[in-house]
Amino acid sequence: MTKKDAIISAALELLIEKGVHNTPMSAIAKTAGTGMGTIYNYFPNKDLLINDIYIKIKEEEKFVFLDFEPTKPIKTQFENYFTSIIDFFIGNPSYFKFMEQLHASPIITKESRDKGGESIEPIRLLLKKGQQDRIIKSIDIEDILMFIGGTVLSFLRWHFDKPKTTQSSIKNQIQMVWDAIKE
């Protein structure tokens, strides 16, 4: 693990545990096993570090879409996306906790949000294709994405509060969202 990776890992851990305002850079440096000079060489301030973590998570989220097979039906691709994004955050609970805490924070810059938005471009394109094929309702794509994201967020909150997720729970969520967005 590089020094930068150690800093990011330590920051993620502490930010989740203590929150943004209760996590000084000195604590991050100590947990990362590095000096203050080193941490400031990589990240001149805590906001830049937080934005770097945000972008890192969003870039890893892109891998959720690697298994998309455009030759499959729109519904199948949607089901695969929904299951994959749930699995991604269940497999990375610290990512979920970080995003839950900081996603709406003004600390996350517009540039970081724009870069992070690239991670959902494949689902955006899938929904547009579904609308062109008259499979998905003709509603603004951003509204559909907000609806899907809200469902994913609610499900993950429920899961992390009561980790009894079953495949039938996920299938039920997929079916309800699909029924809501299909033409």
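Residues numbered from 1 in each chain as written. Predicted model: local features only at pLDDT ≥ 70, side-chain atom pairs only at ≥ 80, totals over all residues. Heavy atoms only, no water.

1. Side note on the overall build of the chain
Then, number 1: From N to C terminus, the chain includes 10 helices and zero strands.
Then, number 2: Secondary structure elements of the chain occur, N-terminal to C-terminal, as α-α-α-α-α-α-α-α-α-α.
Then, number 3: Dimensions of the chain along its principal axes, counting C-alpha atoms only, are 55 × 35 × 30 Å.
Then, number 4: A buried classification covers 40% of the 183 residues belonging to the chain.
Then, number 5: Of the contacts made within the chain by residues no fewer than 6 positions apart, 69% connect residues no fewer than 24 positions apart.
Then, number 6: If you sum the accessible surface of the chain, you get close to 10100 Å²; carbon and sulfur atoms cover 54% of it.
Then, number 7: Side chains of the chain give 24 positive and 24 negative charges; the mean places of these two sets differ by 3 Å. (Helix = DSSP H or I, 4+ residues; strand = E, 2+ residues; numbered from the N terminus. Buried < 20%, exposed > 50% of the residue type's maximum accessible area, 1.4 Å probe, protein only. Contact = heavy atoms within 4.5 Å. Areas by Shrake-Rupley, 256 points an atom, 1.4 Å probe, with all protein chains shown as cover. Lys, Arg positive; Asp, Glu negative; His and termini not counted. Charge placed at Lys NZ, Arg CZ, Asp CG, Glu CD.)

2. Quick word on helix α10 (residues 167–181)
Along an α-helix, residues three or four apart share an orientation, since each turn contains 3.6 residues.
Then, number 1: The terminal C-alpha atoms of α10 lie 21 Å apart, and with 15 residues this matches the ideal 21 Å at 1.5 Å per residue to within 8%.
Then, number 2: Those residues of α10 not exposed but buried are Ser 169, Ile 170, Ile 174, Val 177, Trp 178 and Ile 181. Looking straight down α10, one finds that the buried residues subtend no more than 165 degrees of arc, so they occupy a single side. (Expected span 1.5 Å × (residues − 1). Arc of directions from axis to C-beta.)

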